[in-house]
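What the coordinates show
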Amino acid sequence: MENTGNPAVAASHLPHDYRPSSDEEVMNPRQLAYFRRKLIEWKEAILREASTTLETLKAEPLREPDINDRASSETDWGIELRTRDRQRKVISKIDAALRRIETGDYGYCEVSGEPISLQRLEARPIATMTLEAQERHERDEKITRDE
């Protein structure tokens, strides 16, 4: 689980079309740089969306005279704000993943210590467990809730 290079430096030399491969050493500096870039771009996209939402809220206060139109608008804004709240939580997970990259723990399961598959990290770069450990965790959580 040791980070053998600085992902920030590796990112500057990373081709834009680079994709991690299972033929490479697990979580080598290029892979770490790739996932660092992916996480930062995801975070920036979320922040842009949040900024757009905030600007729209400021510019377009609810003024519909018809009560049904107003209720519909309030429902739409409620959904939008819940989405932003979920994204705020994702940002904290992105920040945690970026910290794991810096400490050399990124890409390894927090339960088993085994490498998380590249396919899983591509689909969910904030993953902290292998698919097997995640499924086991969710089964255990369900059993606990059912009791």
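Note that the structure is a prediction, hence the values are computed from the model and not measured. (Residues numbered from 1 in each chain as written. Predicted model: local features only at pLDDT ≥ 70, side-chain atom pairs only at ≥ 80, totals over all residues. Heavy atoms only, no water.)

**Observations regarding unusual backbone geometry**
- Although it is not a glycine, methionine 27 adopts a positive phi angle of roughly 50 degrees.
- Summarising the element assignment, methionine 27 is placed in the loop between α1 (7-12) and α2 (29-59).
- Classification of methionine 27 as buried rests on a relative accessible area of 5%. (Helix = DSSP H or I, 4+ residues; strand = E, 2+ residues; numbered from the N terminus. Buried < 20%, exposed > 50% of the residue type's maximum accessible area, 1.4 Å probe, protein only.)

**Some details on the pattern of salt bridges**
- Within the structure shown, the criterion is met by six salt bridges.
- Linking aspartate 95 and lysine 43 is a salt bridge whose minimum nitrogen-to-oxygen distance equals 2.6 Å. Taken together, the positions of aspartate 95 in helix α3 (residues 67-103) and lysine 43 in helix α2 put the pair 52 residues apart, joining distant regions of the chain.
- Residue class for lysine 43 comes out partly exposed when judged on its relative accessible area of 22%.
- Within the structure, one salt-bridge network assembled from shared partners comprises Asp85, Arg88 and Lys89. (Salt bridge = Lys/Arg side-chain N within 4 Å of Asp/Glu carboxyl O.)

**Structural notes on the confidence of the model for the protein**
- Put simply, the protein has an average pLDDT of 85, and 85% of its residues get 70 or more.
- Element-level pLDDT for the protein is lowest in α1, with a mean of 55, against a maximum mean of 96 in helix α4 (residues 118-123). (pLDDT = per-residue confidence, 0-100.)

**Considerations on the nonpolar core**
- If you look at the biggest cluster of nonpolar residues, it comprises 24 residues, and the most contacted ones within it are Met27, Phe35, Leu39, Ile94, Ile101, Tyr106 and Leu121.
- Counting residues per element, the ones that place at least two in this core are α2, α3 and α4.
- At six residues, α2 tops the list of elements feeding residues into this core. (Core = buried A, V, L, I, M, F, W, Y, C linked by side-chain atoms within 4.5 Å.)

**Remarks on the packing of aromatic side chains**
- As enumerated under the stated definition, the model contains three aromatic pairs in all.
- A ring pair is formed by tyrosine 34 and phenylalanine 35, whose centres lie 5.0 Å apart and whose planes are at 80 degrees; its orientation type is edge-to-face.
- A residue is classified by how much of its surface remains accessible, and phenylalanine 35, at 0% relative accessible area, is buried.
- Where phenylalanine 35 meets tyrosine 106, the ring centres are 5.6 Å apart and the plane angle is 45 degrees; that geometry is what we call tilted. Note that phenylalanine 35 is positioned in helix α2 and tyrosine 106 in the loop between α3 and α4, a separation of 71 residues in sequence.
- Connected via pairs of aromatic rings, a cluster forms that spans Tyr18, Tyr34, Phe35 and Tyr106. (Phe/Tyr/Trp six-rings, centres within 6.5 Å; stacked < 30°, edge-to-face > 60°.)

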